[in-house]
Amino acid sequence: TDNDGSINRVEFFNGTSLIGTATTSPYTFDWNGVPSGVYLLTAKAYDDLGAAVTSAEVKVTVNNNSSPVVNITAPVTKATFLAPTNIAIKANASDSDGSISKVEFYEGVNLLGTDVTSPYSFDWNNVVAGDYTLTAKAIDDLNASTVSDNIKISIVNNTLPTVSMTSPSNDEMFMPPASITITATAADINGSISKVEFYEGGTLIGTATTSPYSYNWTNVPVGDYSLTAKAYDDVNASTVSDTVKIMVAENMKPMVMITKPYDNEYFNVPANVIILAHASDDDGMIDKVEFYQGGILLGMDHMSPFEFEWNNVSPGNYELTAVAYDHM
């Protein structure tokens, strides 16, 4: 300023070197392309009569600033999470010729959060299903910045696990005190099975945490039982199998009678004798019928109608019997 006139011009110096001039207020000069070094800057003002005054020196230092480096350490690229989820985003950042002032975390162009102290992290909570691109931006003490490589992640909706009982079979019967091996298969297409629980009605009777999933249910008394298996995945979602009904009961003996040939029936030699038997079991099923002549086993049949063809029978008197075995 000039109290008794006007400013003609202002000259800017680095040391004794004139680097620029301004003739109008505000008096400024853009000094571009300044290399590294230490500089002493002054401004010299001239009034309208040629009088001049020089300012005090201003010392400045110009450094070659290296950009910071940054990379996301978690999550890893192509990671998949189940929705809704909480994701801890973590980054490493450093600056070879200075310090990190802050790290910003982005999803696409959206700023999620900022951390100003190492270790640099941000907790991204309640993330819904979708595909996302994460980056971290490190800013140093001279405001230079670097953006990390993209980290692509997917958040998917959870699919429930599947489970089915493989043994015992439905309507299977056991004799008391029964020892029953209960087994199930379980799978999860977007995770893993954490455990399979086995229930009788609403009562938990056993748990398996590794495949093949099974439980040995021992000393089971007489009764009718409804068994299910419940599978849990790695995010605690669960599915219950279909019900398998079994019975533990005292076994009733089967019944059997020979219906052919008739008692005291005669045959001409050499005889071919077809032996027929009727067999039944009130609390189960017939497994087989054996045919005997005296104490000699002639043959057996596993399917109704139960029969055996006894061929080339020589002359004699014979006593035929049939023995029926049930499934238990």
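In this text, all values refer to a predicted model and were calculated from it rather than measured experimentally. (Residues numbered from 1 in each chain as written. Predicted model: local features only at pLDDT ≥ 70, side-chain atom pairs only at ≥ 80, totals over all residues. Heavy atoms only, no water.)

1. Side note on the sheet that holds strand β26 (residues 286-293)
- With antiparallel pairing, the three strands of this open sheet are ordered in space as β27-β26-β29. Two strands in the sheet have a free side with no partner beyond their single neighbour: β27 (296-301) and β29 (320-326). On average, each strand axis in the sheet is tilted by 25° relative to the strand beside it, whichever way the strands run.
- Strand direction decides the pairing type here: β26 and β29, joined by seven bridges, are antiparallel. Residue pairing in the sheet places K288 in a bridge with Y325 of β29. (Pairing = 2+ DSSP bridges. Helix = DSSP H or I, 4+ residues; strand = E, 2+ residues; numbered from the N terminus. Axes fitted to C-alpha atoms, helices over the stretch in contact; angles between N-to-C directions.)

2. Overview of the pairing of strand β18 (residues 193-200)
- Pairing of β18 with strand β21 (residues 223-233) involves seven bridges; the strand directions are antiparallel. Across the sheet, I193 pairs through a bridge with D233, a residue of β21.
- The pairing of β18 with strand β19 (residues 203-208) spans five bridges and is antiparallel. Looking at β19, one finds that V196 is bridged to A208.
- Between the end of β18 and the start of β19, which pair antiparallel, lie two residues, with G201 showing a positive phi angle near 60°.

3. Here we look at the environment of S25
- Within the secondary structure layout, S25 lies in the loop between β2 (17-22) and β3 (37-47).
- Once the C-alpha coordinates of S25 and V103 are considered, the two residues, 78 residues apart in sequence, prove to be 40 Å apart.

4. Things to note about the environment of K152
- Here K152 is to be found in strand β14 (residues 151-157).
- Here K152 falls in the partly exposed class, since its relative accessible area comes to 47%.
- When the C-alpha positions of K152 and V235 are compared, they lie 22 Å apart, and in sequence the two are 83 residues distant.
- Every residue in contact with K152, bar those within four places of it in the chain, is listed here: V76, T77, K78, A79, Y132 and T133. (Buried < 20%, exposed > 50% of the residue type's maximum accessible area, 1.4 Å probe, protein only. Contact = heavy atoms within 4.5 Å.)

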